[in-house]
Amino acid sequence: MDRYARQRLLPFLGEEGQKRLEQSAILVVGCGATGSHIASLAARVGVGRIVLVDRDIVELHNLPRQVLFEEEDVLRERPKALALRDRIRSINSSVEVEAYVGEFHPGNGEELCRGVQLIFDGTDNFQTRFLINELGLKLRLPWVYMGVISTVGHVMPILPFKGPCLRCYLSEEPRAGELETCDTVGVWAGAVSLVSAIGFTEGVRILLGDSPSFRGLFTFDIWSFQWRVLGLKRDRECLNCGRGEYRYLGPRGSWAEVERVCGENVVCVRLGVFSYLELMERLKRCGEVKEGEYFFKFRSEEGREFTIFSDGRVLVFGTQDFQKARSWCARYIGL
Ligand SMILES: [Zn+2]
């Protein structure tokens, strides 16, 4: 039986397109909601090589929208990248899959991009997305930006120097604490599936040598059923693709610093620019906030504890693991 018989009938794919997919390699940065959907689709349609990067372990509250994970993964506290790698192998043994458990950062980004033709953004934070944007430009690698929050989704296929980049759209990164996150306002599984289906299809168009079907940012609200494409053009003054400056790559690149607080089960994360009061007001809606002088304490409904100082330091309690601390910060505070 020919596994791909039904998709091979599609005029845009055919024998040649299928072969091209099988010779393609993709990098999926972040294996949560959108990342796991992308990995599942890519494995099923036969993308030849899939590289997975994720720093988190599977948790029970992931299961409503993160595909391929199971209750068993939660019980065994499996890293998402490894659980996904194993599921992919059992779905399609002809796909080459590599998993990296850890953070995607300026020090390993380039190495992880080696040999791939396309990056899918499955992250939950803008710091990593802007790093992907810089890497995409530096390595001339196209990528697909995807984001979901509540019932709203965003997709933007990005072709380096051939169209607008992420920084042409957002010249300044949203500050830490400025945006809502899925841990503060929730997220609907249907919106995740739709974003992933659109993002994946745009990515496949690029892999097959076609242009994306839209230029700019596709946004929709699956609940109110409203959608539009925000037309975007390259900004000649864009810091990244216009002026060729990078904020994260290179020796002077900035990246939220993390350091361990000695002798305690605490990690200190330093935020960049952030809005202290806004963050405090927002966190009041999803847990308990106790105000102090120059700092406030936050306890989430799940019992995670943070102390946030007005100078941008965040103490993350209950772990000595840098990656966990950054991951929890990304979820509640936004990095
Ligand atoms: Zn740009």
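Residues numbered from 1 in each chain as written. Predicted model: local features only at pLDDT ≥ 70, side-chain atom pairs only at ≥ 80, totals over all residues. Heavy atoms only, no water.

### A word on the domain arrangement of the protein
For the protein, the assigned domains are domain 1 (5-230) and domain 2 (258-332). In this assembly, 18 residues from domain 1 lie in contact with 18 residues from domain 2. When domain 1 packs against domain 2, close to 1700 Å² is buried across both sides, 42% of that on carbon and sulfur atoms. Scanning the region where domain 1 abuts domain 2 turns up three salt bridges. Residue Glu 59 pairs with Arg 304 through a salt bridge whose shortest N-O separation is 2.9 Å. Summed over the shared surface of domain 1 and domain 2, the result is six residue pairs in polar contact (both at pLDDT 80 or more). (Domains from an automatic or database assignment. Contact = heavy atoms within 4.5 Å. Buried area = accessible area lost by both parts, 1.4 Å probe. Salt bridge = Lys/Arg side-chain N within 4 Å of Asp/Glu carboxyl O. Polar contact = N/O pair within 3.5 Å; in protein donor to acceptor, adjacent residues only side chain to side chain.)

### Side note on the pairing of strand β2 (residues 49-54)
With six of six residues buried, β2 is to be regarded as a mostly interior element. Neither face of β2 is exposed, since Arg 49, Val 51 and Val 53 on one face and Ile 50, Leu 52 and Asp 54 on the opposite face are all buried. Read as a crossover between parallel neighbours, the route from strand β1 (residues 25-29) over helix α3 (residues 33-45) to β2 is right-handed. As paired elements, β2 and strand β3 (residues 96-101) share six bridges and run parallel to each other. Within the sheet, the bridge partner assigned to Arg 49 lies in β3 and is Glu 96. (Buried < 20%, exposed > 50% of the residue type's maximum accessible area, 1.4 Å probe, protein only. Helix = DSSP H or I, 4+ residues; strand = E, 2+ residues; numbered from the N terminus. Right-handed = clockwise from strand over helix to strand, strands pointing away. Pairing = 2+ DSSP bridges.)

### Some points on helix α2 (residues 14-22)
All buried positions along α2 are accounted for by Gly 14, Gly 17, Gln 18 and Leu 21. What you see down the axis of α2 is that its buried residues fit within an arc of 100°, all on one side. Opposite the buried face of α2, by more than 90 degrees, sit the exposed residues Glu 15, Glu 16 and Lys 19. (Arc of directions from axis to C-beta.)

### Considerations on the sheet that holds strand β5 (residues 143-149)
Overall, mixed pairing links the eight strands, which are arranged β3-β2-β1-β4-β5-β6-β7-β8 in an open sheet. If you trace the sheet from one side to the other, it starts and ends with β3 and β8 (226-230), each paired once. Taken pair by pair, the neighbouring strands of this sheet meet at an average axis angle of 15°, ignoring direction. Packing of helix α7 (residues 126-139) onto the sheet brings it into contact with β1, β4 (118-121), β5 and β6 (152-158), and relative to β5 it is tilted by some 165°. (Axes fitted to C-alpha atoms, helices over the stretch in contact; angles between N-to-C directions.)

### A few points about the coordination of the zinc ion
Surrounding the zinc ion are the protein donor atoms Cys 165 (SG), Cys 168 (SG), Cys 238 (SG) and Cys 241 (SG), at 2.2 to 2.3 Å. Given four donor atoms and angles of 95 to 119° at the metal, the environment of the zinc ion is assigned as tetrahedral. Sequence spacing of the donor residues for the zinc ion, all on one chain, is C-x2-C-x69-C-x2-C. Here Cys 165 and Cys 168 have matching classes, each one buried. (Donors = N, O, S within 2.8 Å, 3.2 Å for Na, K, Ca; no water. Tetrahedral: all angles 85-135°; square planar, octahedral: opposite > 155°, others 65-115°.)

### Description of a nonpolar patch on the surface
Taken together, the side chains of Phe 225, Trp 227 and Val 229 present a nonpolar region at the surface, about 390 Å² in accessible area. Inspection of the secondary structure assignment puts Phe 225 in the loop between β7 (217-221) and β8. For Phe 225, a relative accessible area of 66% puts it in the exposed group. (Patch = residues over 30% accessible without salt bridge, like charges linked within 9 Å, V, L, I, M, F, W, Y side chains within 5 Å. Areas by Shrake-Rupley, 256 points an atom, 1.4 Å probe, with all protein chains shown as cover.)

### Thoughts on the environment of Gly 122
Relative to the assigned elements, Gly 122 resides in the loop between β4 and α7. In contact with Gly 122, not counting residues within four places along its chain, are Val 29, Gly 30, Gly 32, Thr 34 and Gly 35.

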